[in-house]
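Residue-level listing of the chains:
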Amino acid sequence: MAGVHPSHPPAEKLPLHVFREAVEARLEDCSPEELRALLRVLASRVRPSERLAFLQTLRAPSDPNAQAAFPHALLDDITELAHALPEKAKEWEDFWTEDDVLGPYAEFLEPLTALFQRAQEASERGQYPLARNAYQALFSLLEFEDDQGRGLRAEHLSQVDIPEARARYLRAVYAVTPHEQRASQLLKEMRWMRELLPRGPRPLMQEWLDISSEPLPDFDAFLRDWNALLRQQEDPDAEAWLREAIRLSQGTRGLRELAFSEPSRHPRAFVDLLAALEREGQTQAVLTTAREALEALPAALPLRATVASVLASAAERLGQPDTVRSARWEAFVSQPTLPRLLDLRDTRPSEPERAPLMAQAARHLEAVLQQPRQLSGSMAALPGDEDSFEVLAHADRRLLAQAWLLAHDWEAAHALAAKESALGWTYGDNPQGLVVPAFLVLLSGQPLDKLPRNVDALWHQALESGTQAGAWYSDDRRHDEALRDRLARAYAEALPALSLEPSERERLREWCLELARKRVSTIVSRQHRRSYAKAAQLLAAGAEVLWLHGEQARGNLLLAGFRESFRRHRAFQAELDAAVGSRAPTPSR
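Reading the values: the criteria
- Residues numbered from 1 in each chain as written.
- Predicted model: local features only at pLDDT ≥ 70, side-chain atom pairs only at ≥ 80, totals over all residues.
- Heavy atoms only, no water.
- Phe/Tyr/Trp six-rings, centres within 6.5 Å; stacked < 30°, edge-to-face > 60°.
- Helix = DSSP H or I, 4+ residues; strand = E, 2+ residues; numbered from the N terminus.
- Buried < 20%, exposed > 50% of the residue type's maximum accessible area, 1.4 Å probe, protein only.
- Core = buried A, V, L, I, M, F, W, Y, C linked by side-chain atoms within 4.5 Å.
- Expected span 1.5 Å × (residues − 1).
- Polar contact = N/O pair within 3.5 Å; in protein donor to acceptor, adjacent residues only side chain to side chain.
- Patch = residues over 30% accessible without salt bridge, like charges linked within 9 Å, V, L, I, M, F, W, Y side chains within 5 Å.
- Areas by Shrake-Rupley, 256 points an atom, 1.4 Å probe, with all protein chains shown as cover.
- Salt bridge = Lys/Arg side-chain N within 4 Å of Asp/Glu carboxyl O.
- Lys, Arg positive; Asp, Glu negative; His and termini not counted.
- Charge placed at Lys NZ, Arg CZ, Asp CG, Glu CD.
- pLDDT = per-residue confidence, 0-100.
- Contact = heavy atoms within 4.5 Å.

*Asks:* Is there a simple way to think about the packing of aromatic side chains in this case?
*Replies:* For any two aromatic rings, the description comes down to two numbers: the centre-to-centre distance and the angle of the planes. Tallied over the entire structure, the rule returns 19 aromatic pairs. A ring pair is formed by Trp208 and Phe222, whose centres lie 6.1 Å apart and whose planes are at 65°; its orientation type is edge-to-face. Pair noted here: Trp208 is in helix α11 (residues 205–210) and Phe222 is in helix α12 (residues 219–230), with a separation of 14 residues, a long-range link. The exposure class assigned to Trp208 is buried, which follows from its relative accessible area of 0%. For Phe222, a relative accessible area of 3% corresponds to the buried category. When the centroid spacing of 6.2 Å and the interplanar angle of 25° are considered together, the rings of Phe219 and Phe222 count as stacked.

Put into structure tokens, the structure is as follows:
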């Protein structure tokens, strides 16, 4: 899980009214000739497939009163499309395969996109009754399902800014609803938007405030009603909307009161409060409030990790290393994940100081693993919110193996891995997929940038899968890549500190070779064809370690034994040829 700071949400869009004001300000500073030059530059950047569309945007705006004079035309066109959808569903059986996601519905994408554009134009002109009715009908189209559950969905409309359309709809609902009914109606509509678009972030009031610079009528009265209504609800969405409303109406004072009055019921209010203080640049207040929050929050709450991370960041800026260390430990204990383990490691400047700390973390993980397990990974229900603040992290044996290796304790890592099956390295929490490649790297005696081909490939695969150690799930490629690079740097510092006596080196090598034999034999004899490449790579890596230490004959014999035992398994033989390539020394005759 990514350690995203709550005060720095990723890639937020610029609010529309802010964007428009900025555009107008720049246009006022441009002469007619400068505007022509600007358009030429923009035209030069248009891709060939978009040139016609660009030219069409340069036409003079259409008569703003045209649609206003015929408000029912837009609604009639939406109704016509709605009637056409069930008829089009009948074409599936005759013309389209089951694998086709859209089938005959694809022809509706362009007209539906145009209808959303017309609804936006109505919103921009302040025709709120028309905009409300149009958007309501358009979003209803996205609920249509035929007998097989197929239909048009928001993700199919690549040319429609769905969050913006949603914000325009909710603002229109606000505008046309009598003030005494606004709170209850907006709650109903926001719940509908949440159900309609469950994969995206929940709708927020800030979105439909930002969609226009025009002030909303009776907004203070609405906020009072909105707060009162949301306090009567119990679900996570309503709790998030309550926190937002309090932030908008009462600022940090209101958030502080909400958080400390009922810390068990509103723990996320602490995160919102800290984020608001961060935005105001109040670093000392962030540190003090984070400490108070950790005193108030229940001990077993995973969200404590987020608060502790904010505390550590504030302490770093204020030059308080002892607070940084204690906060990083609290974050790791509250949510034991690989990023937090590495954060903890980084609180010490040198390997001799880091190793005992990693051993302490490993002992904590051992204690956690003795407790009854919670559901994790794909077997657990995903959190109701779009972040991981309250997700109970799964402390698995891969993470424990990482801690022991970073603690320079190869014996503990070996004892942990030796208990496991030779299969199941890819999925689950079997630590062998990390420990064996790490030992082969160690036994090779080579720097990390000069490893033999197969040992190097195994090591990179171990780092890749190791980024998921102790994680709930990951859906962020850039985060995983950054974490993998960070883990690689940690091992580049830790592995040289692991020392082995000759007898220990021999014992580890024999264990790795025996495990490789067992794993490869099981994979090939059971004909797990998708794993043949992995088996061949592991076997070749074992041979490479033997060759590096002058045992050419033994390395060759290791490969020859499997070639003979599985000579009829041509697919495996091919993978073994590819893994060994021309790297093997010529056998002596």
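The rest of the description comes next.
*Asks:* Could you clarify how one ought to interpret the nonpolar core in this entry?
*Replies:* Soluble globular proteins tend to bury their nonpolar side chains together. Ranked by internal contacts, the top residues of the largest apolar core, which has 87 residues, are Phe139, Trp208 and Trp226. Core analysis: the second largest hydrophobic core is formed by 58 residues, Leu400, Trp404, Leu451 and Ala490 among them.

*Asks:* What is the right way to read helix α9 (residues 162–176) from this model?
*Replies:* Turn by turn, an α-helix covers 3.6 residues, leaving residues three or four places apart pointing in a common direction. If you check α9, its first and last C-alpha atoms are 21 Å apart, about what 15 residues at 1.5 Å a residue would give, namely 21 Å. Along α9, twelve of the 15 residues are buried, which leaves the element largely enclosed by surrounding structure. Turning to α9, its buried residues number three or more, namely Ile162, Glu164, Ala165, Arg166, Ala167, Arg168, Tyr169, Leu170, Arg171, Ala172, Val173 and Tyr174. At the N-terminal end of α9, a side-chain oxygen is found 3.1 Å from the backbone nitrogen of Glu164, two or three residues along, and the residue is Asp161.

*Asks:* Please explain a negative patch on the surface as it appears in this structure.
*Replies:* Negative charge collects at one region of the surface, where Glu24, Glu28, Asp29 and Glu34 lie side by side. Looking at where Glu28 falls in the secondary structure, it is placed in helix α1 (residues 16–28). Assessed through its relative accessible area of 66%, Glu28 is described here as exposed.

*Asks:* Just checking my understanding: could you explain the confidence of the model for the protein for this structure?
*Replies:* The predicted coordinates of low-pLDDT regions are not to be read in fine detail. In this model, the protein carries a mean pLDDT of 85, and residues with pLDDT of at least 70 account for 85%. Scored below 50 in pLDDT, residues 584–589 makes five contacts in the model with residues more than four places away or belonging to other chains.

*Asks:* Teacher, can you tell me more about a nonpolar patch on the surface here?
*Replies:* A surface patch of nonpolar side chains, amounting to about 430 Å² of accessible area, comprises Leu38, Leu39, Leu42, Leu55 and Leu58. With three residues, helix α2 (residues 32–44) is the single largest residue contributor to the nonpolar patch. Within the secondary structure, Leu38 is located in helix α2. The class for Leu38 is partly exposed, based on a relative accessible area of 41%.

*Asks:* I would appreciate a short explanation of helix α16 (residues 304–317) in the present structure.
*Replies:* For α16, built from 14 residues, the straight-helix expectation of 20 Å at 1.5 Å per residue is met to within 8% by its first-to-last C-alpha distance of 20 Å. Summarising burial for α16: twelve of the 14 residues are buried, a large majority. Of the positions making up α16, those classed as buried are Arg304, Ala305, Thr306, Val307, Ala308, Ser309, Val310, Leu311, Ala312, Ser313, Ala314 and Ala315. Of the surrounding secondary structure, the elements contacted by the buried residues of α16 are α14 (268–279), α15 (283–296), α17 (321–334) and α18 (338–345). The positive-phi residue at the C-terminal boundary of α16 is Gly319, with phi of around 70°.

*Asks:* Any chance you could explain the pattern of salt bridges here in plain terms?
*Replies:* Side-chain pairing between opposite charges can occur once the charged atoms of the two side chains come close. What the rule picks out here adds up to 40 salt bridges. A salt bridge links Arg194 to Asp237, with the shortest nitrogen-to-oxygen separation between them at 3.0 Å. Of this pair, Arg194 sits in helix α10 (residues 182–196) while Asp237 sits in helix α13 (residues 236–261), and the two are 43 residues apart along the sequence. Here Asp237 falls in the buried class, since its relative accessible area comes to 14%. The partner of Glu351 in a salt bridge is Arg354, with the nearest N and O atoms 3.2 Å apart. A residue pair is termed a helical-turn pair when its members lie 3 or 4 positions apart in one helix, as Glu351 and Arg354 do in helix α19 (residues 351–369) at three residues. The network of salt bridges with shared partners includes Glu316, Arg328, Asp343, Asp346 and Arg486.

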